[in-house]
Amino acid sequence: MIRLRNVTKTYQDFVVLNHINLHIAKDEFVFLVGPTGSGKTTILNLLTREEVPDAGKIYVGMTSINELNERQVANLRKNIGFIFQDFKILNRTIYENLAYVLKIQGEKKQIIKEKIDRVAELVGFESKLYCYPHQLSGGEQQKVCIARAIINKPHVLLADEPTGNLDPDASLEIIQIISKINLDNTTVIVATHDKAIVDLMRKRVIGLHGGNIVRDQQMGSYHEF
Amino acid sequence: MNFRVIYFLIDEAINSIKQNSVMSFLSFLTVTISLSVLAMFLIVFMNLNSMIKSIGDDLNISVYLNRNISEDRVSQVRDQIKFIRGVKSISIIPRDAAWADLKNKLQYQRDIVELIPGNPLPDLIIVKLKSIENTNSVLKELSFIKDIDDIRYGKSVVNKFRSGVKLFNFVGGVIVLLLLSATFIIVASTINITIIAKEKEIKIMKLVGATNSFIKSVFVLEAMVLGLVGSILAVVLINAGYFIINSKMQQVYHFAYVFTKHMNIISLNMFVIVIGLVICLSASFFSVNSLLKSIIKK
Ligand SMILES: Nc1ncnc2c1ncn2[C@@H]1O[C@H](COP(=O)(O)OP(=O)(O)O)[C@@H](O)[C@H]1O
Ligand SMILES: [Mg+2]
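Residues numbered from 1 in each chain as written. Chains lettered and ligands numbered in written order. Predicted model: local features only at pLDDT ≥ 70, side-chain atom pairs only at ≥ 80, totals over all residues. Heavy atoms only, no water.

1. A short note on the overall build of chain B
Each helix and strand counted, chain B has 11 helices and four strands in total. Taking all 298 residues of chain B together, the buried fraction comes to 40%. Long-range pairs, those at least 24 residues apart, make up 85% of the contacts in chain B with a sequence separation of at least 6. Split by element, the accessible area of chain B, about 17,000 Å² in all, is 66% carbon and sulfur. (Helix = DSSP H or I, 4+ residues; strand = E, 2+ residues; numbered from the N terminus. Buried < 20%, exposed > 50% of the residue type's maximum accessible area, 1.4 Å probe, protein only. Contact = heavy atoms within 4.5 Å. Areas by Shrake-Rupley, 256 points an atom, 1.4 Å probe, with all protein chains shown as cover.)

Shown next as structure tokens:
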């Protein structure tokens, strides 16, 4: 599903990723771990073509995303859901936040409603649809972002520190929702340094350090033992 | 892009104008003021120029011929003048007819008239010009013709009027240009502020697969709404003002019809709206291209 071949990314003289090779199969659930500045966000940004590599090839699905025009980049992003640490919710009702995505795509009112009902049920905030963001807790806001990310049933879900601003209970709930989405045939990559959730989930763990992949474990934990 | 997307974009533009109310109000105000002044200037400009034209219609050059020339020579000179470029028509007042006419008018001063030997009057050719603009060239041509004794025309009045109009056109042009530049700058900053305020929206739009041109169109549309509303306000203002002044003037002066005769108020309105849209569009392209580049790339 996702493949990085000899990918190098530098900012000025600083090498963030140094000849990285990585393969993630369809419907896999992967944690990207490593200290701050180790390049977790950079890998996610490369996959959405927010950044381009200095060298190496990147495949999402069957296609190499190195050479895409503007329209193809837009299409790529339609098939990838993205969740941030800072929630990036607009100051409108939750319903409007979700509808925003679909309105941009010119979706019909009826279909917008159906899709929002589906994700609201999946993520579990039907009762909050007409609240404003400031009326929600951090965990609830992050649920909104998850709902927004999956509203078009993307094949891939990328989450950058999704529990970074949440308390342990909310973190747990969020990671369970993401896991549920994964079971629903979605490839998931979570960049995190939340030890608790990595250790709890026992999924594949890819460790980054100094620009290299230093470990890649099935059913791994946050620290290598 | 379907109609629902267009509806969405217009809705977003109107919402963002509401949210950014201070800057939007400033934009409306400057668009309206500068377009109103532009239109006022255009109205006066068109009227002054049509007045110049109508004065030109009435402007005659009087050409007095030498007294001691033959009738053949008089008709030669007449033909020469007739074919000068810019001359609309000529009429000739023969010296004999003029003298008889004068004697007739002065019949109560007959004793004085009797004292004058022969006919003291010259032949007079009255030259009508096609336009006041031709005055100088016609005068120059006339100076090459022999047997002309004297040329008279409303020199100082015409020149003063013309330089007055020129000054008016220049000052008006500068004022309008300044106002239009101010409009450009204020609309561009309004769009700049919107772009900065909408950084989150831009990020989200990108991640859900909106193309750069789609994102740009959000802001261009907002500028278009600003321009359209501003110029429609200006048009309303212009037409109301025009109507009031016009009806007041006609009560007082009968010649006020001049102010409506040469005006096409509908094309003026269209022109104002088009100028408003063009300014706002170019202002938005300016900000979108300079500012959005950095945000889209981030
Ligand atoms: N746009 C950028 N310009 C310059 N340096 C950057 C940029 N983005 C990231 N970096 C640098 O790249 C390194 C890796 O960043 P990042 O991928 O965000 O790490 P992580 O998400 O693992 O904390 C950091 O040292 C960061 O300062
Ligand atoms: Mg990061």
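2. A closer look at the interface of chain A and chain B
Between chain A and chain B, the residue contacts involve 23 residues of the former and 21 residues of the latter. Of the roughly 2,100 Å² buried where chain A meets chain B, counting both sides, 60% is carbon and sulfur surface. For the chain A face of the interface with chain B, the top three residues by lost area are E50(A), Y100(A) and I104(A), together amounting to 27%. If you look at where chain A meets chain B, you find three salt bridges. In this structure, R92(A) engages E201(B) in a salt bridge whose closest nitrogen and oxygen atoms are separated by 3.7 Å. Run the count over chain A and chain B and you get eight residue pairs in polar contact (both at pLDDT 80 or more). Taken together, the elements giving at least two residues each to the side of chain A that touches chain B come down to α2 (70–78), β6 (80–83) and α3 (94–104) of chain A. (Buried area = accessible area lost by both parts, 1.4 Å probe. Salt bridge = Lys/Arg side-chain N within 4 Å of Asp/Glu carboxyl O. Polar contact = N/O pair within 3.5 Å; in protein donor to acceptor, adjacent residues only side chain to side chain.)

3. Some words on the nonpolar core
In summary, soluble globular proteins display a tendency toward joint burial of nonpolar side chains. Ranked by size, the top nonpolar core spans 91 residues in total, and within it F31(A), L98(A), I116(A), F125(A), I178(A), M205(B) and F219(B) carry the most contacts. Among the elements that line this core, the one with the most residues is helix α9 (residues 212–252) of chain B, at 12 residues. With residues up to four places along the chain from it excluded, the contact list for F219(B) reads I191(B), T194(B), I195(B), K198(B), I202(B), S284(B), V288(B) and L292(B). If you look at the next biggest cluster of nonpolar residues, it comprises 30 residues, including V16(A), I58(A), A191(A) and L208(A). (Core = buried A, V, L, I, M, F, W, Y, C linked by side-chain atoms within 4.5 Å.)

4. Re the site of ligand 1
Residues and elements named next belong to chain A. Taken together, Y11, F14, V16, P35, T36, G37, S38, G39, K40, T41 and T42 make up the full set of residues adjacent to ligand 1. At 3.4 Å, a side-chain N or O of Y11 approaches a nitrogen atom of ligand 1. Residue G37 places a main-chain N or O atom 2.7 Å away from an oxygen atom belonging to ligand 1. Put simply, the parts of the chain that give the shell around ligand 1 at least two residues each are β2 (14–24) and α1 (40–47). The element contributing the most residues to the shell around ligand 1 is α1, with three residues. When its residues are assigned to classes, the shell around ligand 1 shows four nonpolar, six polar and one charged. (Near = heavy atom within 4 Å. Nonpolar A, V, L, I, M, F, W, Y, C, P; charged D, E, K, R; others polar.)

5. Focus on the environment of S221(A)
Residues and elements named next belong to chain A. Position of S221 relative to the elements: it lies in the segment after β10 (212–217). By relative accessible area, S221 is classed as buried at 9%. Note: C-alpha distance between S221 and V33 (188 residues apart in sequence) is 9.8 Å. In this structure, S221 is in contact with V198, D199, R202, V205 and R215, ignoring residues within four places of it in sequence. Of the polar contacts made by the side chain of S221, one reaches the backbone oxygen of H223; its length is 2.9 Å.

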